[in-house]
Amino acid sequence: MLLKLTEGVPLSLKISAMLLKLTARADFFKFESISNVSTYYFNYIYCNIWEGDCQPHQDDASQQVPIGDMWSGFPQYYSGILRAWYCTLGQCCDSGDCRITNNLTGLERDLQVKLHGQHLVQSVVLKAIQGFIKNPDSNKPLTLSFHGWSGTGKNFVARIVADNLYRDGIKSECVRLFIAPFHFPHVRLVDVYKGQLREAIRDIVLRCPQTLFIFDEAEKLHPGLIDAIKPYMDHYDNVDGVSYRRAIFLFLSNIGGAAINEVALDFWHSGQNREDIGMEDLEHLLQAEAMEANGGFAQSELMSGHLIDFFVPFLPLEYRHVKLCAHDAYAARGVQPDEGTLDEVAKAMLYVPKEEKLFSAQGCKSIPQRINFFLP
């Protein structure tokens, strides 16, 4: 009878009718099941529609619809209505975990179109992540270390990776960004930070089948912090019963920036194209720089254990790349600049070395703010 009465009725009214019906027949169902489901959906509405003051993890809107025993006591018709309503909110998908998109085609496109002057990054990052995603039996997590001057695109690429592997990008509950001087500022609290860091990583891995951890300004990490999470990046089946093999770790660092620039400058002096620079010209230099640098890398077991899969070099950006960055910044504001305007923006940047003035000292980092000066 209820089915006939609700045909053509909006879904929200169907849900109300269903809840009234369930109230009248509550003794037919397991109270615990009803309580769990009610709590779950109330939390979702409260956190994401009413924007209430949520408790930790209470706003995990990307969780799947509760399944298993929670639904065992509900007639199929009622559970179908609840599922239909929940899916209208965009929270369910046909297969797998809908928080994880693994859009490798989009990753390749974004690296090629949005990233300028970084042919090595485009190749290495894409192949490394493609290989990891397509190999469900990887014997360890994927660990990449990004190196180069500030403004060359390290954070930008980390966000491109997050945007294409996860539906909510950097905001996904499966992604965690740590900024060394912000999250771990005091040396005297290293032991406290160790426990917090381990707990944070373990918690996310338990909640997500594939995770992404980004450590910005990684050269400022205390070696004890790196060693504390070293087992999570090693070749273990599990650590205390938890497998970390489907995790990706990205370390972003300025270490080796000068060495990268010297190689790029040598190629320029010899008349070779920067696109001729290969990983064989830089990766061993970066590894040596990381071993000798001050900070956590050199003293940690991450290096001595050879757990970094790729040292990814970010080349210094030239005038032509700065113009491309300026074009992107204008396009993001819906403005189509002419070549003259792009040249004005690029010329306003500082270039080094002093004699050649070949590389932008700030990369493209300040371009989105600088174009404000040239906007009408």
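This one's a predicted model, so the numbers in the text were calculated from it and none came from an experiment. (Residues numbered from 1 in each chain as written. Predicted model: local features only at pLDDT ≥ 70, side-chain atom pairs only at ≥ 80, totals over all residues. Heavy atoms only, no water.)

Enquirer: Hey, could you go over the overall build of the protein for me, with residue numbers and the actual values?
Expert: Secondary structure summary: the protein contains 17 helices and seven strands in total. Burial analysis of the protein (376 residues in total) assigns 46% to the buried set. Across the protein, the fraction of contacts at a sequence separation of at least 24, relative to all contacts at a separation of at least 6, is 75%. Just so you have it, the protein exposes about 19,200 Å², and 53% of that area is on carbon and sulfur atoms. (Helix = DSSP H or I, 4+ residues; strand = E, 2+ residues; numbered from the N terminus. Buried < 20%, exposed > 50% of the residue type's maximum accessible area, 1.4 Å probe, protein only. Contact = heavy atoms within 4.5 Å. Areas by Shrake-Rupley, 256 points an atom, 1.4 Å probe, with all protein chains shown as cover.)

Enquirer: Can you lay out the state of the cysteines for me, pointing to particular residues and giving the numbers?
Expert: Considering all chains together, one arrives at two disulfides under this definition. The disulfide partner of Cys325 is Cys364, and the gap between their sulfur atoms is 2.0 Å. Linking Cys325 and Cys364, the disulfide has an S-S dihedral of approximately 85 degrees and is accordingly described as right-handed. One end of the pair, Cys325, is in helix α15 (residues 319–332); the other, Cys364, is in the loop between β7 (359–360) and α17 (367–370), with 39 residues separating them in the sequence. (Disulfide = S-S within 2.5 Å.)

Enquirer: Please set out the sheet that holds strand β3 (residues 211–216) residue by residue, giving values where relevant.
Expert: Within the open sheet, the five strands sit side by side as β2-β3-β4-β1-β5. Their pairing is parallel. Strands at the two margins of the open sheet, each flanked by one partner only, are β2 (175–179) and β5 (310–313). Averaged over neighbouring strand pairs, the angle between their axes works out to 15 degrees when direction is ignored. Sheet strands in contact with helix α7 (residues 154–165) are β1 (142–147), β3 and β4 (247–253), and its direction is about 165 degrees off that of β4. (Pairing = 2+ DSSP bridges. Axes fitted to C-alpha atoms, helices over the stretch in contact; angles between N-to-C directions.)

Enquirer: Tell me about the side chain of Gln210, and name the residues and values.
Expert: The topology assignment puts Gln210 in the loop between α9 (190–207) and β3. The buried category is assigned to Gln210, whose relative accessible area is 6%. Only 2.8 Å separates the side chain of Gln210 from the side chain of Asn102, close enough to count as a polar contact. Those residues in contact with Gln210 that lie beyond four places of it in its chain are Ile100, Asn102, Ile133, Leu165, Tyr166, Cys174 and Arg246. (Polar contact = N/O pair within 3.5 Å; in protein donor to acceptor, adjacent residues only side chain to side chain.)

Enquirer: So, the environment of Lys127: which residues are in play, and what are the values?
Expert: By secondary structure assignment, the location of Lys127 is in helix α6 (residues 119–134). A relative accessible area of 58% places Lys127 in the exposed class. As for Lys127 and Leu104, which are separated by 23 residues in sequence, their C-alpha atoms are 9.9 Å apart.

Enquirer: Let's hear about unusual backbone geometry: which residues, and what values?
Expert: Note that the residue after Val352, namely Pro353, is joined by a cis bond; omega there is -5 degrees. Within the secondary structure, Pro353 is located in the loop between β6 (351–352) and β7. The phi dihedral of Asn102 is positive, around 45 degrees, even though this residue is not glycine. Along the chain, Asn102 turns up in the loop between α4 (76–88) and α5 (104–113). For Asn102, a relative accessible area of 23% corresponds to the partly exposed category. The phi dihedral of Asp240 is positive, around 55 degrees, even though this residue is not glycine. Inspection of the secondary structure puts Asp240 in the loop between α10 (223–229) and β4. Here Asp240 falls in the exposed class, since its relative accessible area comes to 70%.

Enquirer: Quick one: what's the story with the pattern of salt bridges, residue by residue and with numbers?
Expert: Close approach of charged atoms lets side chains of opposite charge pair. In the structure shown here, the tally under the stated rule is 18 salt bridges. Ionic pairing is found between Asp97 and Arg99, a salt bridge with its closest N-O pair at 2.3 Å. For Arg99, a relative accessible area of 6% puts it in the buried group. For Lys230, the salt bridge identified is with Glu301, shortest N-O distance 3.9 Å. Within this pair, whereas Lys230 is found in the loop between α10 and β4, its partner Glu301 is found in helix α14 (residues 301–304), the two being separated by 71 residues in sequence. Here Glu301 falls in the partly exposed class, since its relative accessible area comes to 41%. Salt bridges linked by common partners bring Asp97, Arg99, Glu173, Asp203 and Arg207 together as one network. (Salt bridge = Lys/Arg side-chain N within 4 Å of Asp/Glu carboxyl O.)

Enquirer: Explain the environment of Ile133 to me, and be specific about the residues and the numbers.
Expert: With respect to the helices and strands, the residue Ile133 is situated in helix α6. Judged by its relative accessible area of 16%, Ile133 is buried. Sequence-wise, Ile133 and Gln210 are 77 residues apart; in three dimensions their C-alpha atoms are separated by 9.3 Å. For Ile133, the contacting residues outside a window of four places in its chain are Asn102, Leu104, Gln210 and Arg246.

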